[in-house]
Amino acid sequence: MNTLLKAVVALSIIGLTSCDLISRKDDPTLTESFNNKMQSMSSAELGSVECKICKVIKADDKAEWYKFGDRKILFECRGIVKAGVDLGESNSYKADINEDAKSIILTLPAAKILAINLSPENTKMVYEKVSKTRFDFDAVERTELLRQGETAIRKDISKETDILKEAEKNTTSFFTAMLSQLGFKQITIKYKEA
Amino acid sequence: MKTILKLVKWLFVVAIIAGVAGAIYLHFTYDIFGFNKKGLVIDKTPIIVEETKKISELTSAHFYEEVIVKDEKTEKGLIFNSKNELVIIAKGNVRAGFNLSKLTEADYNIKGDTISFKLPEPEIFDVIVNPSNYDVFVEEGKWSHDEITKVLGKAQAQIKDDALKNDILGLAKKSGISKLTELYKSFGFSVVNIEVAAETEK
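Note on numbering: residues in each chain are counted from 1, in written sequence order. For naming, the first written chain is A and the first written ligand is 1, with later ones following in the order written. Local features are withheld for residues below a pLDDT of 70 in this predicted model, meaning they are given only at 70 or higher, and side-chain atom pairs are given and counted only at 80 or more; totals for whole chains, interfaces and linings count all residues.

### Here's the deal with the overall build of chain A
Just so we agree on the cut-off: Only DSSP runs of H or I with at least four residues qualify as helices, and only runs of E with at least two residues qualify as strands; both kinds are numbered from the N terminus onward. For every residue, the other C-beta atoms within 10 Å of its own C-beta are counted; 20 or more classify it as buried, 12 or fewer as exposed, and values in between as partly exposed. C-beta atoms are placed from the backbone.
On a plain count of helices and strands, chain A comes out with four helices and seven strands. Each helix (α) and strand (β) of chain A, taken in turn from the N terminus, gives the series α-α-β-β-β-β-β-β-α-α-β. Looking at chain A as a whole, 31% of its 194 residues are labelled buried.

### Points about unusual backbone geometry
The phi angle at lysine 102 of chain A is positive, at roughly 55°, despite the residue not being glycine. Mapped onto the secondary structure, lysine 102 of chain A falls in the loop between strand S3 (94-98) and strand S4 (103-108). Judged by C-beta crowding, with 14 C-beta atoms within 10 Å, lysine 102 of chain A ranks as partly exposed. Despite not being glycine, aspartate 167 of chain B shows a phi value in the positive range, around 60°. Looking at the secondary structure, you find aspartate 167 of chain B in the loop between helix H2 (145-165) and helix H3 (168-186).

### Focus: the environment of glutamate 128 of chain A
Residue and element names in this part refer to chain A. We count it as follows: Working definition of a contact: two residues with C-beta atoms, positioned from the backbone, lying within 7 Å.
For glutamate 128, the position within the fold is in strand S6 (residues 123-130). In this structure the C-alpha to C-alpha distance between glutamate 128 and cysteine 77, which are 51 residues apart in sequence, comes to 15 Å. Those residues in contact with glutamate 128 that sit more than four places away from it in its chain are Ile73 and Phe137.

### Side note on the domain arrangement of chain B
Interfaces are often sized by the amount of accessible area the parts lose when they come together. Applied cut-off: Domain start and end points were adopted from an automatic or database domain assignment.
Annotation of chain B at the domain level lists domain 1 (1-41) and domain 2 (45-201). For domain 1 of chain B and domain 2 of chain B, the distance between their C-alpha centroids amounts to 52 Å.

### So, the interface of chain B and chain A
Selection criterion: Nonpolar residues are Ala, Val, Leu, Ile, Met, Phe, Trp, Tyr, Cys and Pro. Charged residues are Asp, Glu, Lys and Arg, and all others, Gly as well, are polar. The rule for pairing is simple: two strands pair if DSSP sees at least two bridges between them.
Each partner contributes residues to the interface: chain B has 68 residues there, and chain A has 74 residues. The set of elements that each furnish at least two residues to the side of chain B that touches chain A consists of helix H1 (2-30), strand S1 (47-75), strand S2 (82-99), strand S5 (123-128), strand S6 (134-139), H2 and H3 of chain B. No other element matches the 22 residues that S1 of chain B contributes to the side of chain B that touches chain A. Residues belonging to the side of chain B that touches chain A are distributed by class as follows: 34 nonpolar, 17 polar and 17 charged. Where strand S1 (residues 37-61) of chain A meets S1 of chain B, 16 bridges bridge the pair, whose relative direction is antiparallel. For cysteine 51 of chain A, the partnering residue across the bridge sits in S1 of chain B and is threonine 52 of chain B.

### Considerations on helix H4 (residues 163-181) of chain A
So the rule is basically this: Expected helix span is taken as 1.5 Å per residue step, with the number of steps being one fewer than the number of residues.
For H4 of chain A, built from 19 residues, the straight-helix expectation of 27 Å at 1.5 Å per residue is met to within 8% by its first-to-last C-alpha distance of 27 Å. Within the span of H4 of chain A, buried status applies to Ile163, Leu164, Glu166, Ala167, Glu168, Asn170, Thr171, Phe174, Phe175, Met178 and Leu179 of chain A. In this structure, the buried residues of H4 of chain A make contact with S1, strand S2 (71-86), S4, helix H3 (139-160) and strand S7 (186-191) of chain A together with S1 of chain B.

### Here we look at the pairing of S3 of chain A
All names here are of chain A. Among the five residues that make up S3, zero are buried, leaving the element largely open to the surroundings. Examined bridge by bridge, S3 and S4 share five bridges and lie antiparallel to one another. Bridging across to S4, isoleucine 97 finds its partner in isoleucine 104. Between S3 and S4, which pair antiparallel and follow one another directly, the connecting turn spans four residues, one of which, lysine 102, has a positive phi of 55°.

### Section: the sheet that holds S7 of chain A
Residues and elements named next belong to chain A. Note the following rule: Each axis is a line fitted through C-alpha atoms, and for a helix only the stretch in contact is used; angles between axes span 0 to 180 degrees, taken between their N-to-C directions.
Pairing within the open sheet is mixed, and its three strands lie in the order S3-S4-S7. Pairing within the sheet leaves two strands with one partner each, and these edge strands are S3 and S7. Strand-to-strand twist of the sheet, defined as the mean angle between neighbouring strand axes without regard to direction, takes the value 10°.

### Observations regarding the sheet that holds strand S7 (residues 191-196) of chain B
Residues and elements named next belong to chain B. Spatially, S3-S4-S7 is the arrangement adopted by the three strands of the open sheet, whose pairing is mixed. In this open sheet, the two strands that pair with only one neighbour each are strand S3 (109-111) and S7. Averaged over neighbouring strand pairs, the angle between their axes works out to 10° when direction is ignored. Bridge count between strand S4 (residues 114-119) and S7: six bridges; the pairing is parallel. Its bridge partner lying in S7, serine 116 is registered against asparagine 193.

The structure is reproduced here in structure tokens:
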């Protein structure tokens, strides 16, 4: 009987502790993280194109033999993608000048995506349906789905759109205008291979 | 006494079996252990380009920061009210530099191998806090998407404020002038004089 009593008391203590009812101490990890980490860096990215994009992010958590009911969620995610050339890396560009002929051949790095900004206020949850036998999508799950959407945008933006071509076209027009203002008559802009 | 002890033993066994059965039911129905959440994947959808704009932005400074933002709300229960907390750890990237599209031919003054021009004042282009840049560290109770968005907005504002306090515009100015001087020197100018418009000239 004594052993049984001890077992019941021990189980109750474990249960109550795990339910966080007995003690609720401050999380040390959280306190340590409050020391903000920050860093400033210089760069030289010349952005030449800005695209406003929209992507529907949807997930269907279907019913299975071991799950009763389904869950569906749909986000409409709007963002801004900027592309251009990065002039910050050493030897990223080269200018060959012929002063007599007033000609210049400018070789620039290949255009790349410089920034993807999926601002939280531009991501709307437009639909959510959860069966009564299932839990709602929590913040962690919703964030995970949005992350997958962001990864898909990063992966597909240069394949599905002409953003990099447009960036090179605009960069060429920017440098052509600038160099002609500086007095060059013959201007050639080239790009390195990506 | 023996019969009571036997009965208690049986009740204990039944309670354990019921507990295990209950856990299995809760797992399969509510996914309390989170096994099914890991498998949740989005469907493939296209990227729609709504607008394309030509820009000439020289981003000459970045500011990165990790902040912790909190919010709490009280939810009414049947017996007790519960205080629910939300803690998000967000990493942000602030991009700043010069909008070179504001430069016109009239801004350049060229005399021999000397070029002088005035840049517009540096500005903040973007404050980026993407889904891959934040983690929901604590979520007590239910927090809607709009509530999370509001908290992330607070993180964005704090990161922008800190970037300004840490003089991101000063760094953008210094770094921008240095990079443009280097660029114009590569075009054959030996003296490059760059001024930056004061805020009052805006």
